Amino acid sequence: MALSLQRYTWSDKNSHFTQYLQQRIMKGKERSMLIALEKIVCYLPENLIIEILSRLSVKDLLQFKSVCKSWYDIISSPIFVSKHLNNYYNNNDDWRGCLLAQFYFSHAEIQLYELLVDETPRVSDYEVLYNMPMYCSYVCGPCDGLYYVYESDFSRRALWNPAINELKTLPEIICKPDFPAEYTYSCYEVYGLGFDHVTGDYKVVVLKGYWHVNRDSNLKHPVSVLLYSSRTNSWRYCGDLAKAYNLEINKCYIYVNGCCYWLGSFEHSSEVIISFDMANDSFKEIDVPDYAQPSSKCLAVYDDSLVFLSLHETSKNLDIWTWSEGCWTKKFSVGPLLSVWSPVGHWKGNKLVLQSGGGELILYDPDTQETENLGFKNLMRCQGVYAYMESLVSIKDKKEAVQQPEEN
């Protein structure tokens, strides 16, 4: 079962998380186990030790870093962190047992729930994450266990790795788009988080819309693109989109083959999908498929490809379109799904997440056409669902790194 996020909320160096680990490690039984384990593995080749450690959970590895300096160095190395991402998640399905669900209540309250899902699948337990590092924040991720979070009033932004209790507050966006001064009011922003495999850089992209200062004029400036680089710890302005699109916040994590995607419209009629390539910092426009209207719709991921989900409001048929080689193909058309209100996103095993008219979250398997009620209900509209993923990826600066343990 997935770890509880409540244990890993951010505070400071004297956090409950640190105290918790110290207490567990110093318990006589566990301390004796670590010492005995160290004596056993000291006779093993280092490459075998690395292979064994790379298949353990983050919780175990955080404890094992205290065994000795050599283990600390192994577990802290970028090569091991990358190996752990590949080995642990390719050989362990337990990490997918936790689902984060976000609901919008008002401008003053956005609640994030941790849903522990068992093998049935069904929600076995849940709680509101009041103690997350930035309460009432939007969430995007996970990208290698990292999440982008920002407060609803845009006052604070951060990268967050809850598994290792790290939060990195991002600098204020001070780079100004080059447009007339009368367009100064930010009407909305959408965002994405991704990894640049060329430079090894985690990036946050923010697409910002601006109203004319005279709000009665209905004039908007074309959407501006702002990019944060974790390597430089800075933002830069990457230009504007071709038009003043109204873009929607994704209801799940849409990052496919190095690109982030958003669904949008222009002047309430012409629809479009915007993509942003993390490797070359470029964006382009994609036409939406010819779907039946009126429909509730969203973007999702299926078979590691971008998909467009549309649920017709009258027939209650769910259409699933896949994007491949520059064109849309209708992969499934199923229904009627009479109790479903709207598609929300995707989860493990190509399952889709839907929300019913009564507020229940539902898993739908397109391959078997079976639905599974997760047993969680919220009468507010679901703003998003996200998998919880653990990793050792650090977002701290090197100078912030903790002191290594002394050699035994």
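Residues numbered from 1 in each chain as written. Predicted model: local features only at pLDDT ≥ 70, side-chain atom pairs only at ≥ 80, totals over all residues. Heavy atoms only, no water.

- An unreviewed UniProt entry annotates the protein chain as F-box only protein 8-like originating from Heracleum sosnowskyi.

1. A few points about unusual backbone geometry
No. 1: Pro 121 follows Thr 120 through a cis peptide bond whose omega is -5°.
No. 2: Among the secondary structure elements, Pro 121 is positioned in the loop between strand E2 (109-117) and strand E3 (123-128).
No. 3: Pro 336 follows Gly 335 through a cis peptide bond whose omega is 5°.
No. 4: Within the element layout of this structure, Pro 336 appears in the loop between strand E20 (327-334) and strand E21 (340-346).
No. 5: With a phi close to 50°, Asn 233 is a non-glycine residue in the positive phi region.
No. 6: Note that Asn 233 resides in the loop between strand E10 (220-229) and strand E11 (234-240).
No. 7: One non-glycine residue with positive phi stands out, namely Asn 257, at about 50°. (Helix = DSSP H or I, 4+ residues; strand = E, 2+ residues; numbered from the N terminus.)

2. What about the sheet that holds strand E19 (residues 318-324)?
No. 1: Reading across the sheet, the 4 strands line up as E17-E18-E19-E20 and stay open at both edges, with antiparallel pairing between neighbours. Of all strands in the sheet, those bounded by a partner on one side alone are strand E17 (295-302) and E20. Ignoring which end each strand starts from, the neighbouring axes of this sheet average 25° apart.
No. 2: Pairing analysis gives 5 bridges linking strand E18 (residues 305-312) to E19, with the strands arranged antiparallel. Counterpart to Phe 308 in the pairing with E19 is Trp 321. (Pairing = 2+ DSSP bridges. Axes fitted to C-alpha atoms, helices over the stretch in contact; angles between N-to-C directions.)

3. Digging into the sheet that holds strand E4 (residues 137-143)
No. 1: Across the sheet, 4 strands lie side by side as E4-E5-E6-E7; this open sheet has antiparallel pairing. At either margin of the open sheet sits one strand with a lone partner, and together these are E4 and strand E7 (166-169). Put simply, the sheet's adjacent strands are angled 20° from each other on average, direction ignored.
No. 2: Where strand E5 (residues 146-151) lies against strand E6 (residues 157-161), 4 bridges are found, and the strand directions are antiparallel. Its bridge partner being in E6, Tyr 148 is matched across the sheet by Leu 159.

4. Comments concerning the pattern of salt bridges
No. 1: Using the criterion set out here, one finds 10 salt bridges in the structure.
No. 2: Between Lys 69 and Asp 73 there is a salt bridge, and its shortest N-O distance comes to 3.1 Å. With a gap of 4 residues between them, Lys 69 and Asp 73 both fall in helix H5 (residues 69-76), about one helical turn apart.
No. 3: When its relative accessible area of 31% is taken as the criterion, Lys 69 is described as partly exposed.
No. 4: Using a relative accessible area of 31% as the deciding quantity, one classes Asp 73 as partly exposed.
No. 5: Here Asp 281 and Lys 203 are joined by a salt bridge, their closest N and O atoms 2.9 Å apart. On the criterion of sequence distance, the pair formed by Asp 281 in the loop between strand E15 (270-277) and strand E16 (282-286) and Lys 203 in strand E9 (residues 201-211) is long-range, its members being 78 residues apart.
No. 6: Look at the salt bridges and you will find they share partners, linking Asp 196, Lys 203, Arg 236 and Asp 281 into a network. (Salt bridge = Lys/Arg side-chain N within 4 Å of Asp/Glu carboxyl O. Buried < 20%, exposed > 50% of the residue type's maximum accessible area, 1.4 Å probe, protein only.)

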